[in-house]
Amino acid sequence: MILDKRKISRTQFMFSVACFIQSSSLLTSFFTSITKQDSWIAVILGSIVSIPTLLIYSYIMKKFPDKNLIEINDMVFGPIIGKIFSIIYIWFFMTLSAINTKDLGEFVQKTILDNTPSIIIVGALLLLCSWTVRNGIEIVTRYSLLFTFIATTIVISTVFLTINQMEMDNFLPILQQPKMAYVRATHIISAIPFGELVVILMLNPNLDIEPKKRIKYLLYGFLIGGFTLLLVVFRDIAVLSKTIEIFLLPSYETLRLISVYSTLSRVEALFAISLIILMFFKISVLYYISVMGIAYLFKMKSYKPLVLSIGVIIIIYSFIVYPSIIAHMKSGSETAPFGWLVVESILPLITAIVAKIRKLPEQKKGMSS
Amino acid sequence: MLFKFIMKKIVAWQNLNSSNHKIDNGLERQISNKLGENIEFIKKVLGGSNDIKIHEFIFGEEFEGAIIYIDGLVNNTEIRESILKPIVFNKKINKENEELSIKEIQKSIICSGDIKRSDMYSVLIDGCLAGATILLINGFRKGLVINTGSWEKRAITEPQTEPVVRGPREGFTEDLRTNTSLLRRRIKSPKFKMENMIIGRKTYTNICIAYIEGLAKPELIKTLRYRLNNLDVDSIIDSSYIEEYIEDYPLSIFATIGYSEKPDVVAAKILEGRVGIIVDGSPFVLTAPMLFVEGFQSSEDYYVRAVYASILRIMRFFAYFVAVYAVPLFIALTTFHQELLPTTFLFSIANAREGTPFPAFIEGLIMVISFEILREAGLRLPRPVGQAISIVGALIMGEAAVSAGIVGAPMVITVAIAAVAGFIIPDQTDSISILRIIMMVLATVLGGYGLAIGFLAVLIHLSILEPFGIPYFASIKFTRDKQDSFTRMPLWIMKDRPKELSATDVKRRDTYVPPDNKDD
Amino acid sequence: MRYVIIVFIIIAIVDLSPFSKKDKRKDFYITLMIMMIALALSSLYALDIKIPSPVVGLDNFIRNVLKIAYK
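Counting of residues starts from 1 at the beginning of each chain's written sequence and follows it residue by residue. As they are written, the chains are lettered A onward and the ligands numbered 1 onward, keeping that order. Local features are withheld for residues below a pLDDT of 70 in this predicted model, meaning they are given only at 70 or higher, and side-chain atom pairs are given and counted only at 80 or more; totals for whole chains, interfaces and linings count all residues. To get the side-chain values, all heavy atoms of the structure are used, and hydrogens and water are removed first.

(A) Structural view of the overall build of chain C. Counting secondary structure elements, chain C contains 3 helices and 0 strands. Note on conventions: DSSP H or I runs of at least 4 residues are helices, E runs of at least 2 residues are strands, and numbering of each starts at the N terminus. The secondary structure elements of chain C, listed N-terminal to C-terminal, are α-α-α. For the radius of gyration, the atom set is restricted to C-alpha positions; the globular benchmark scales as 2.2 Å times the number of residues to the power 0.38. Relative to the globule expectation of 11 Å for 71 residues, the C-alpha radius of gyration of chain C, 18 Å, shows a markedly less compact shape. Projected onto the principal axes, the alpha-carbon positions of chain C cover approximately 55 × 30 × 15 Å. Counting all 71 residues of chain C, 30% fall into the buried class. Only carbon and sulfur atoms are counted for the fraction: they give 69% of the accessible area of chain C, which is about 4,800 Å². Charged-residue counts in this description rest on Lys and Arg as positive and Asp and Glu as negative, His and the chain ends being excluded. Just so you know, the charge point we use is NZ for Lys, CZ for Arg, CG for Asp and CD for Glu. Measuring between centres, the 10 positive side-chain charges of chain C sit 5 Å from its 5 negative side-chain charges. In this scheme, a residue with accessible area under 20% of its type's maximum is buried, one over 50% is exposed, and one in between is partly exposed, where area comes from a 1.4 Å probe on protein chains only. Reported accessibility uses the Shrake-Rupley method at a 1.4 Å probe radius. Residues are deemed covered only where the shown protein chains occlude them.

(B) Structural view of the interface of chain A and chain B. Contacts were defined at the residue level, with two residues in contact if any of their heavy atoms lie within 4.5 Å. Counting residues at the interface gives 28 residues for chain A and 24 residues for chain B. Defined here as a combined quantity, buried area equals the accessible surface (1.4 Å probe) lost by two parts on assembly, summed across both. In this assembly, chain A packs against chain B so that about 2,500 Å² is buried in total across both faces, 76% of it on carbon and sulfur atoms. Whenever a carboxyl oxygen of Asp or Glu lies within 4 Å of a side-chain nitrogen of Lys or Arg, that contact is scored as a salt bridge. Inspection of the region where chain A meets chain B yields 2 salt bridges. Linking R6 of chain A and E466 of chain B is a salt bridge whose minimum nitrogen-to-oxygen distance equals 3.4 Å. At 8 residues, the largest contribution of residues to the side of chain A that touches chain B is made by helix 5 (residues 118-134) of chain A. When residue character is reported, Ala, Val, Leu, Ile, Met, Phe, Trp, Tyr, Cys and Pro are called nonpolar, Asp, Glu, Lys and Arg charged, and the others, Gly included, polar. For the side of chain A that touches chain B, the residue count by class is 19 nonpolar, 4 polar and 5 charged.

(C) Region of interest: the sheet that holds strand 4 (residues 132-137) of chain B. Residues and elements named next belong to chain B. Only strands joined by at least two bridges in the DSSP assignment are considered to pair. Reading across the sheet, the 5 strands line up as 1-2-4-5-3 and stay open at both edges, with antiparallel pairing between neighbours. The sheet is open, and its two borders are formed by strand 1 (52-59) and strand 3 (115-118), each paired with just one other strand. Pairwise comparison of adjacent strand axes, ignoring direction, gives a mean angle of 20 degrees for this sheet. Here the axes come from fitting lines to C-alpha atoms, over the contacting stretch only for helices, and the angles between their N-to-C directions go from 0 to 180 degrees. Sheet contacts for helix 2 (residues 35-46): strand 1, strand 2 (63-70) and strand 4; angle to strand 2, the most-contacted strand, approximately 15 degrees. Along the sheet face, helix 3 (residues 76-88) touches strand 1, strand 2, strand 4 and strand 5 (143-147) and points at about 25 degrees away from the line of strand 1.

(D) A positive patch on the surface, seen in detail. All names here are of chain A. Where like charges cluster on the molecular surface, the positive patch consists of K62, K63, K212, K356 and K359. Residue placement: K63 occurs in helix 3 (residues 39-63). Judged by relative accessible area, K63 falls into the partly exposed class, the value being 31%. Exposure above 30% relative accessible area and the lack of any salt bridge qualify a residue for a patch; like charges then connect within 9 Å, and the nonpolar side chains Val, Leu, Ile, Met, Phe, Trp and Tyr within 5 Å.

(E) Quick look at helix 5 (residues 121-129) of chain B. Buried within helix 5 of chain B we find Y121, S122, L124, I125, G127 and C128 of chain B. Within two residues after helix 5 of chain B, G131 of chain B carries a phi angle of roughly 110 degrees, on the positive side.

(F) Broad picture of the state of the cysteines. All names here are of chain A. In plain terms, two cysteine sulfur atoms within 2.5 Å form what is called a disulfide here. Tallied over the entire structure, the rule returns 0 disulfides over all chains. Its sulfur unpaired, C19 is 13 Å from the next cysteine sulfur, which belongs to C129. With a relative accessible area of 0%, C19 lands in the buried category.

(G) The pairing of strand 5 of chain B, seen in detail. All names here are of chain B. Here strand 5 lies mainly inside the structure; 4 of its 5 residues are buried. Where strand 3 and strand 5 come together, 4 bridges link them in antiparallel fashion. Counterpart to K116 in the pairing with strand 5 is V145. In terms of strand pairing, strand 4 meets strand 5 through 4 bridges, oriented antiparallel. Bridged to L135 within strand 5 is L144. Connecting the antiparallel pair strand 4 and strand 5 is a turn made up of 5 residues, with G139 showing a positive phi of about 95 degrees.

(H) Fine view of the side chain of H328 of chain A. Considering the arrangement of structural elements, one finds H328 of chain A in helix 14 (residues 325-357). The contact partners of H328 of chain A, leaving out residues within four places of it in the chain, are F30, I99, K102, D103 and Y322 of chain A.

(I) Examining helix 12 (residues 360-380) of chain B more closely. Residue and element names in this part refer to chain B. For helix 12, spanning 21 residues, the distance from its first C-alpha to its last is 30 Å, which sits close to the expected 30 Å at 1.5 Å a residue. All of the buried residues along helix 12 are A360, F361, E363, G364, M367, V368, F371 and E372. Projection of helix 12 onto a plane perpendicular to its axis shows the buried side chains occupying an angular sector of 165 degrees, all on one side. Helix 12 presents I373 and R380 as exposed residues on the side facing more than 90 degrees away from its buried surface. Take the residue count of a helix, subtract one, and multiply by 1.5 Å to get its expected span. As used here, the arc belongs to the directions running from the helix axis to the C-beta atoms.

(J) Up close: the interface of chain C and chain A. Each side of the interface is counted separately: chain C has 32 residues, and chain A has 37 residues. A buried area of about 3,000 Å², summed over both sides, lies between chain C and chain A, and 73% of it is on carbon and sulfur atoms. Inspection of the chain C/chain A interface yields 2 salt bridges. Measuring nitrogen to oxygen at the nearest pair gives 3.1 Å for the salt bridge that ties R134 of chain A to D15 of chain C. Contacts described as polar in this section are N or O atom pairs within 3.5 Å, which, within protein, must combine one atom able to donate a hydrogen with one able to accept it, while residues neighboring in sequence count only if both atoms come from side chains. Across the chain C-chain A interface, the total number found is 9 residue pairs in polar contact (both at pLDDT 80 or more).

(K) Just the environment of I200 of chain A, in detail. Residues and elements named next belong to chain A. Within the secondary structure layout, I200 lies in helix 9 (residues 200-203). Counting along the chain gives 86 residues from I200 to L286, while the straight-line C-alpha distance between them is 10.0 Å. Leave out the neighbours within four places in its chain, and I200 touches F13, V17, M61 and L218.

(L) The arrangement of the environment of I357 of chain A in detail. Residues and elements named next belong to chain A. Inspection of the secondary structure assignment puts I357 in helix 14. A relative accessible area of 64% means that I357 is categorised as exposed. For the pair I357 and S302, spaced 55 residues apart in sequence, the C-alpha to C-alpha distance is 34 Å.

(M) Up close: the packing of helix 12 of chain B against helix 13 (residues 383-403) of chain B. All names here are of chain B. In the contact formed by helix 12 and helix 13, the axes pass within 8 Å of each other and the chain directions differ by 165 degrees. Here helix 12 is positioned roughly antiparallel relative to helix 13, judged by the angle of their axes. Note on packing geometry: the crossing formed by helix 12 with helix 13 is right-handed. On the side of helix 12, the interface is formed by L374, A377 and G378, while helix 13 contributes G386, I389, G393 and A394. Across the contact of helix 12 with helix 13, the residue classes break down as 4 nonpolar, 3 polar and no charged. In what follows, roughly perpendicular refers to angles from 65 to 115 degrees, roughly parallel to angles under 35, roughly antiparallel to angles over 145, and oblique to any angle outside these ranges. Two helices crossing with the near one rotated counterclockwise from the far one by less than a right angle form a left-handed crossing, whereas a clockwise rotation gives a right-handed crossing.

(N) The nonpolar core, seen in detail. Nonpolar cores were defined as sets of buried Ala, Val, Leu, Ile, Met, Phe, Trp, Tyr and Cys residues, with membership established by side-chain atoms within 4.5 Å. Of all hydrophobic cores here, the largest spans 201 residues; its most connected members are F147 of chain A together with Y449 of chain B. Where each domain starts and ends comes from a domain assignment, either automatic or drawn from a database. Among the domains, domain 2 (176-302) and domain 3 (313-464) of chain B are the pair contributing at least three residues each to this core. Not counting residues up to four positions away in its chain, the partners in contact with F147 of chain A are C19, I277, L278, F280 and F281 of chain A together with L456 and L459 of chain B. By size, the runner-up hydrophobic cluster in this structure holds 22 residues, among which are M197, I207, Y211 and L231 of chain B.

(O) Representation of the confidence of the model for chain C. For chain C, the mean per-residue pLDDT works out to 84, and 94% of the residues sit at or above 70. Confidence, read as mean pLDDT per element, is least for helix 3 (residues 54-66) of chain C in chain C (84) and greatest for helix 2 (residues 25-46) of chain C (88). pLDDT is a per-residue confidence score from the predictor, ranging from 0 to 100.

(P) Region of interest: a nonpolar patch on the surface. All names here are of chain C. On the surface, M1, I5, I9, I13, L44, L47 and I49 cluster together to form a nonpolar patch covering roughly 620 Å² of accessible area. If one sorts the elements of the nonpolar patch by residue count, helix 1 (residues 2-16) sits on top with 3 residues. Checked against the element boundaries, L47 lands in the loop between helix 2 and helix 3.

Put into structure tokens, the structure is as follows:
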């Protein structure tokens, strides 16, 4: 039973991964507030720490090349425990959609549209996403290359534009933070942008790539995304120095400082453009995955009737998910990494181990009694 | 998808209402062997139209014959020289064997290359209406349909819609034969096929599908053939009728079937694996499917130097962007994001808008709509008057509106820039006009955020379109012919045809002698 | 509140009308269930009734019961 038969190509997959990570690279304050001018070390450490998780994902993808996470759970843990795990995952996906929707809605309301009620901002975006989601995964991921290209171009060009504000002294002193800060920042990075890649397990049956080569494209995408994240953090530290810890949106503040002979200024609009585009992509993917998860959970014949209702749930959820931005920041940098770690690394690890022990999937269906 | 759903409903409902009632006009019957009866019948069917000529004559000893034709559709000299003279002056005809004799007339007496023999009234009358001459002879149960069609037609001239500086200047005419010959002269391959069909219960319009076998996708040809064969309508006046009936997305603002008036353009598209549809009576030949980039490709791109052509391409994409977004962006900047404008510029805008009574959206709407009206007026009026209209519109009304303080000068400038940019891409003019107004509304409601939403919505709409199963906006994915989308690479680099369009014969060129490197 | 009703009438027309012909009982009930949840949530939100957030609950659980939060 495959609800969405459209396939996504290897380029689309690779850049979807990249785009997914880049979309988080714009909101870096969770860890820049902890490690300050050493955040770039945290990014590198976080990427290295995430690689084993990615290997677990690719192991599962290789073992079950045409099954998605919900079906894998059913196969590996049996119908009852599998359903519980699936519900946890679906809740996680919907929470991520809600949080990202909230991030975007708040950003737009604060910086672009002061007087517009946030339900209109979020509603317009989710309406657009629901149209995309109804048309399937191929449409959702089709523009990943274009979006990655736009975002990377903006990042690279802003690096050149801020070059006159950069000072290498801003990186000093290196490695002077308490040791616990590095551990914590690494943990946050591996959980919040990189660990969210668990969503690719839901796209598994739609990939038009040989199971063995999926790891390659996953890693390429991861590298592109990770490199952009590193570049963004470098740029922000070089421009903002230690003050990076006090800003909610360090990149936005960096771009505000751009002024080349006072002719080229006010470039923060670029940040807004790339944020809207990348967030649209990320929310579409998460939204699609939430819908698919529920449709597979109940073994429906079509996922399309669910789309609009789940969109409404995501909107309402995004309003109630955190009572305030302080609570959001606190949760993101203090507690959420632990919760997310369970869903993103430990559950897939258990899945992989149980599948290995139970020797799933059986190689030939005729042989198994 | 909602549109698709509604469309399906509408189509199903319409098909339900129009139960299959084919008009039985009594023509599906055999002719009699009495000449008098036959002539009576044909007179009854064709009525008293004064362009129907029935000429009865006697030949041999006691044979009575008649030729029937429509005056103006036939070549009188040919009738005289190749039908009447040979029959009347031939003494061999005898009455012994009917079958042999009519065959003999067809084969050895009449000097014409295109003769059909039939005993059905329908065939005879259809042939007559299409410009053939009918020959009936008393005592025979069969009649001959001799093609003598020849009528006044426009000469091949340079097309008005697609002028070029460099490149062929021939244009299609209204005549189907001329058009097919123009194409055949460019593609001499035996695999270049043209299939004829007749559509229209009342107009009996000749339609021709032209493609290269083994190059166009078989599914594409099959789909087109299926749709055309099952098209039962009253009339086909122009190729745009066909376009509207067979296109995949009739409600989309983007055209998915292209058209051209130039045989070199159509030939090049057929050589890329598309299918041409030639309709009698229309100088515009359709090409299916049309992809988004085609609107930005002009025939001259391939006739000028590659680097320059690439720059032109990029400029066209930029112009499209300007044409759609200039006015909405101006509205968004002046109503929501004044802080993004340089201060001096902001002051001058504020100065200009000081006396204007309307919000930016209304101002923009007034200008855009009056521009559309002026454009339409300039097109429809006879040419000399049209120019006067543009002068009145552009100079006097624009100037007067600014000095009277109804609209601000910056808005007039923005609209003018957008309008001029839109003229660069003639194929997309309609989509530009619609998108511009949608974006203006979005910019008024949600500012820059609305523009981003609108941009994404257009992207999604484009990615949903798949005319005849081929992605409409695929070039952004860089799978379809990456050499010929945003840039036009030199011809020797474009080794392969667009992969999604062509079926098997993918190679465009095999060998090529690169220039010697003199430095070695 | 009336906006909620209007929105849900539109959603019902779009999503439930395809079920009128095809015989997919199960899909219909599940869609209806999810739609009811969405309707309930949005009504509560529109009526300004506070809905507890599961994420905040999870935060409190990690912070106060498991006691493994960074400080």
